[in-house]
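Chain residues, written in single-letter form:
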Amino acid sequence: MNSDKIRIAVFVSGGGTNLQALIDAQKGGILHSGEITLVVSSNPGAYAINRAAAAGIEAVTVCRKELGDQFEIQLLRVLDKHRIEMIVLAGFMSILSADFISHYENRIINIHPSLIPSFCGKGMYGLHVHEAALAYGVKVSGATAHYVTEVTDGGRIILQKAVRVRQDDTPESLQKRIMKQAEWDILPRAAQQVAKKLQKEKTDGHRPATI
Ligand code: GAR
């Protein structure tokens, strides 16, 4: 691995299609300022773990149910061991505490399947988001890549992309289209933007002081 690259951990809980988009973006050169060096799954059965293995990326499971109040301590331990500099939440279904986030301030990003500030916050994840959007009757939805702060889905927006809602959409069909048209496009680009910024900060920080 190029030592200049920002070491990225991708956090997952399920299918991992967004992880796949990140892996493909890395292969295709869209994500080039950082490298995915670790996948962390909150769920031992997540298909995302297979995707990591197929790409030759180390994956570890850190399970909140098993670890209880040791969950975030264990997460930090694993991240430390792998010298992780940036975290991408890609379908990670566990809310991280303010204390955990403070260890990676402005270094954690998330993909959310709606146009924030609509249909976001506590309880709004996965299909629930699309059910809420259809119940409200919006004609446009989409996805948002944003920084993670202690306010759920409240951090600064990095990229958004709109997707048209169809009259005959089900939560499942809308979810699929938003993933395909928006999430898999903006998440890798947002990851690249943030990795590039962190890489620059790292290089500038290491530059010898000039008088
Ligand atoms: C994605 O649609 C992602 O936006 C959503 O879960 C799905 C995970 O799919 N995340 C949230 O709802 C977070 N609030 P994936 O495992 O195939 O990437």
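Note: the structure precedes this text.
Sorry, what's going on with the overall build of the chain here?
Across its full length, the chain holds seven helices and seven strands. N-terminal to C-terminal, the α/β element order of the chain is β-α-β-α-β-α-α-β-α-β-α-β-β-α. For the chain, whose C-alpha radius of gyration is 17 Å, the value lies close to the compact-globule estimate of 17 Å for 211 residues. Taken over the C-alpha atoms alone, the chain extends approximately 60 × 45 × 35 Å along its principal axes. Within the chain, the fraction of its 211 residues that count as buried is 47%. Contacts spanning at least 24 positions in sequence make up 67% of the contacts within the chain whose residues lie at least 6 apart. On the chain, roughly 11,000 Å² of surface is accessible, and the fraction owed to carbon and sulfur atoms is 51%. Side-chain charges in the chain split into 25 positive and 21 negative, and the spacing between the mean points of these groups amounts to 6 Å.

The rules behind the values
Residues numbered from 1 in each chain as written. Predicted model: local features only at pLDDT ≥ 70, side-chain atom pairs only at ≥ 80, totals over all residues. Heavy atoms only, no water. Helix = DSSP H or I, 4+ residues; strand = E, 2+ residues; numbered from the N terminus. Rg over C-alpha atoms; globule rule 2.2 N^0.38 Å. Buried < 20%, exposed > 50% of the residue type's maximum accessible area, 1.4 Å probe, protein only. Contact = heavy atoms within 4.5 Å. Areas by Shrake-Rupley, 256 points an atom, 1.4 Å probe, with all protein chains shown as cover. Lys, Arg positive; Asp, Glu negative; His and termini not counted. Charge placed at Lys NZ, Arg CZ, Asp CG, Glu CD.

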